[in-house]
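A look at the structure
Spelled out, the chains give:
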Amino acid sequence: KEKDKEKKRAHETKQIKVDLYIPTTVSVGQFAKLLNVRLRTLQRKMDEAGMQAETSYDHVLTSDYAALLAEEFGRNPIINDEAAFDLHPPPLHPKPQLLPSRPPIITIMGHVDHGKTTLLDSLRFSSVAASEAGGITQHIGAFCVPVKMSGDSESVTDGAERLITFLDTPGHAAFSAMRARGTSVTDIVVLVVAADDGVMPQTLEVIELVNREKERGKIGMVVAINKIDKPEADVEKTKLALLSAGVVLEEHGGDVSCVEVSGLTGKGLPDLVETLALMADVMDLRAEQDCPTVGYVLESRIHRGLGPVATVLVTRGTLTPGTPLLAGTSPCSTRRILSPSLLPLISVGPGTPVLITGWKSLPAAGDEVLAGSEADIKRARLNRERKRELECVISGVEAINIARKADKEREEKERVVAKLKKGRGGQTEGEEECVVPAEAEKRKLRVIVKGDVSGSVEALVGAIEGIGNHLASVKVVSTGVGDVSDSDVMMAKAAEAMIIAFSVSVPRSVQASASQNHVPVYSSDIIYRVMDDVRDRVISLLPCTYETKVTGEATVLQLFDIHIKGKLTKKIAGCRVTNGIVERSNTARVMREGKIVHEGCFLDALRQMKKDMTEVKKGSECGINLHEFDDLREGDLIQMFQTIEVPGVL
């Protein structure tokens, strides 16, 4: 029996191995992408296997070694060149110092409302911050800005202009994925800290992201202490707070530059630009221009008139109209290349953010963009789609197995409890019955999310999925980019879900359809308002608790028998109100020697001097008759109470 139990336990804990198609030869870097693990994780596993000499990024593994490593990661290796075909970035140039220079990619990051967008507006002489919903950034903004340099920089002459690519990231807590995406493609991070607010939660998150990226490769950081023009600004206190957070500034003996600026007045901005240019010169940023295009999707959305468009940051190669591209499983024929201000471009080089049209479907934010022939893109897309479908099936099977295992455990517990009851021979006199409470079914608020760009949808889904507890939570049924449509309403009706329209419009016909089908639609362009509304709806799903509040107390002084019809008598208690107010509308209970004798009755009569009363205040005397309770005695305490419904709390 013990062996059978061990076999059963081993069978239950055995994980389903996912098929992994491996080509005949594959580089270590490409193999890490096939396994969907970090390169460092694969290299660590290779070190443990005694393959220290083969861990370099471009080392080519044979299928035999790759299959052994795949088994270590719980995969089922299948050697198949056609099924394993995929697009990969071209190998790095053997002599990067001979490559042409590229614009530095600088990401503005920091806590919400610390002045990041206003600072960037001052650099590019625009006013984006004034038009943002709720006064906060909710998208990644990418701009290539020409800035004037002084002669102090080695790479430019005095008064010349230099191109710098700026990425503006949201500071709200919900946009963690956007900030992580910003640091993964950037060269220098400008950490904006408000002098009147100091180090805040998202400031600490940015510091952690930068430290993590420093382990992977070279990335610089500059601290910009903003809002120094405010009277309540305390620069020294902010610097000490940064020091305690692990950011050692140059003046404290560290390697992080610090510039005091004011995005509103422009004070200190030339010093910030000089610092960034100097760091870019030291980092010697170069990239190939004659290799196949490589880039990353920063954001994607449906544009009226242009269809699916994506903001892509080109990191290697030169992109021209007509180039076939692939991002995730979304192919693109690159019909038009537009600047952030929607001006057409003939070609773009590394370090440049552009808007690309011609996508067959909307790519996901964060996807790697690769160029290739149409035939190769078709093969790679089919393989990626098959791999994604397989992963969905496997995850669904594992979820079903977990649910079935939980059902079996619950049935086993119920069976044990039934045996215990049967063994005790039933309930004996004076003994309370043991009732095993059933677990409350978890209630779910089903949601369909529609947003203006894929990055915002991703951030919003991540934010609302974290709302809830073990009793109530949020389940995202579907997500999409673009306006709310009739099909969304029909899906919401079938799934009994609500629709969140984030920064998108809801046509009148769709509103009418939603009203007819009783589908709630919530529209907003500010993420924290959406989160507040979802939180309120989840709280309404929580089971309520009930509290009793004593509103008045009356002591029974004397009992009277009053004759009514025929020989019937009614017992009236002569009472004095000792606390609060005795109201006829409230519920009563009788206390005798500190114990509850009767509870839940209401007053049949409340009189004072033969006059019916609705309430009697403290210190007054009255006559009370309780409904269907005649066992009142002198000295009893009649308590009037209210039952208050207390809503659940997350």
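Before reading further, recall that the structure is shown in the block above.
Quick caveat, the model's predicted, so the values are computed rather than measured.

Quick notes on the rules
Residues numbered from 1 in each chain as written. Predicted model: local features only at pLDDT ≥ 70, side-chain atom pairs only at ≥ 80, totals over all residues. Heavy atoms only, no water. Salt bridge = Lys/Arg side-chain N within 4 Å of Asp/Glu carboxyl O. Helix = DSSP H or I, 4+ residues; strand = E, 2+ residues; numbered from the N terminus. Buried < 20%, exposed > 50% of the residue type's maximum accessible area, 1.4 Å probe, protein only. Pairing = 2+ DSSP bridges. Lys, Arg positive; Asp, Glu negative; His and termini not counted. Contact = heavy atoms within 4.5 Å. Axes fitted to C-alpha atoms, helices over the stretch in contact; angles between N-to-C directions. Arc of directions from axis to C-beta. Polar contact = N/O pair within 3.5 Å; in protein donor to acceptor, adjacent residues only side chain to side chain.

The next thing to look at is the pattern of salt bridges. Taken as a whole and assessed by the stated rule, the structure comprises 20 salt bridges. In this structure, the salt-bridge partner of Lys 450 is Asp 488, at a minimum N-O distance of 2.7 Å. Within this pair, whereas Lys 450 is found in strand S18 (residues 443-451), its partner Asp 488 is found in helix H12 (residues 486-495), the two being separated by 38 residues in sequence. On the basis of relative accessible area, Lys 450 is assigned to the buried category, the value being 8%. Among the residues examined, Asp 488 registers a relative accessible area of 8% and is labelled buried.

Taken in spatial order, the seven strands of this open sheet run S14-S13-S17-S11-S12-S16-S15, and their pairing is antiparallel. Strands at the two margins of the open sheet, each flanked by one partner only, are strand S14 (330-332) and strand S15 (337-338). The pairing of strand S12 (residues 307-316) with strand S16 (residues 352-357) spans six bridges and is antiparallel. By the bridge assignment, Val 312 is partnered in S16 with Val 354.

With five of six residues buried, strand S24 (residues 587-592) lies mostly within the body of the structure. Of the pairings in the sheet, the one linking S24 to strand S30 (residues 637-646) comprises five bridges and is antiparallel in character. Residue Met 591 lies in a different strand from S30, and its bridge partner there is Leu 637. Both S24 and strand S25 (residues 595-601) contribute to a ladder of five bridges, which runs antiparallel. Within S25, the position partnered with Ala 588 by the bridge is Cys 601. Taking the residues between adjacent antiparallel strands as the criterion, S24 and S25 are bridged by two residues, where Glu 593 takes a positive phi near 55 degrees.

The next point concerns the side chain of Asp 367. Following the sequence through the fold, Asp 367 ends up in the loop between S16 and strand S17 (368-371). Nearest to the buried, unbridged Asp 367 among oppositely charged side chains is Arg 388, at 5.5 Å. Apart from the residues lying within four places of it in its own chain, the contact partners of Asp 367 are Gly 295, Tyr 296, Val 297, Ala 327 and Gly 328.

Once that is clear, we can look at the side chain of Gln 43. Among the structural elements, Gln 43 can be located in helix H3 (residues 39-48). Residues within four places of Gln 43 in sequence aside, it is in contact with Thr 55 and Tyr 57.

The four strands lie next to each other as S19-S18-S20-S21, forming an open sheet whose pairing is parallel. Edge strands, defined here as strands with exactly one partner in the open sheet, are strand S19 (472-481) and strand S21 (521-524). When the angles between neighbouring strand axes are averaged without regard to direction, this sheet yields 25 degrees. Bridge count for strand S20 (residues 498-502) against S21 is four bridges, and the pairing is parallel. Along S21, the bridge assignment pairs Ala 501 with Ser 523.

Once that is clear, we can look at helix H8 (residues 235-244). Every buried residue of H8 is accounted for by Val 235, Thr 238, Lys 239 and Leu 242. Taken end-on, H8 shows its buried residues confined to a sector of 100 degrees, consistent with a single buried face. Seen from the buried face of H8, the exposed residues on the opposite side, beyond 90 degrees, are Lys 237, Leu 240 and Ser 244. The secondary structure elements touched by the buried residues of H8 are strand S8 (188-194), strand S9 (220-226) and strand S10 (257-260). Measuring from the backbone nitrogen of Lys 237 back to the side-chain oxygen at the start of H8 gives 3.2 Å, which picks out Asp 234 as the cap. Two residues or fewer after H8 comes Gly 246, characterised by a positive phi angle close to 100 degrees.

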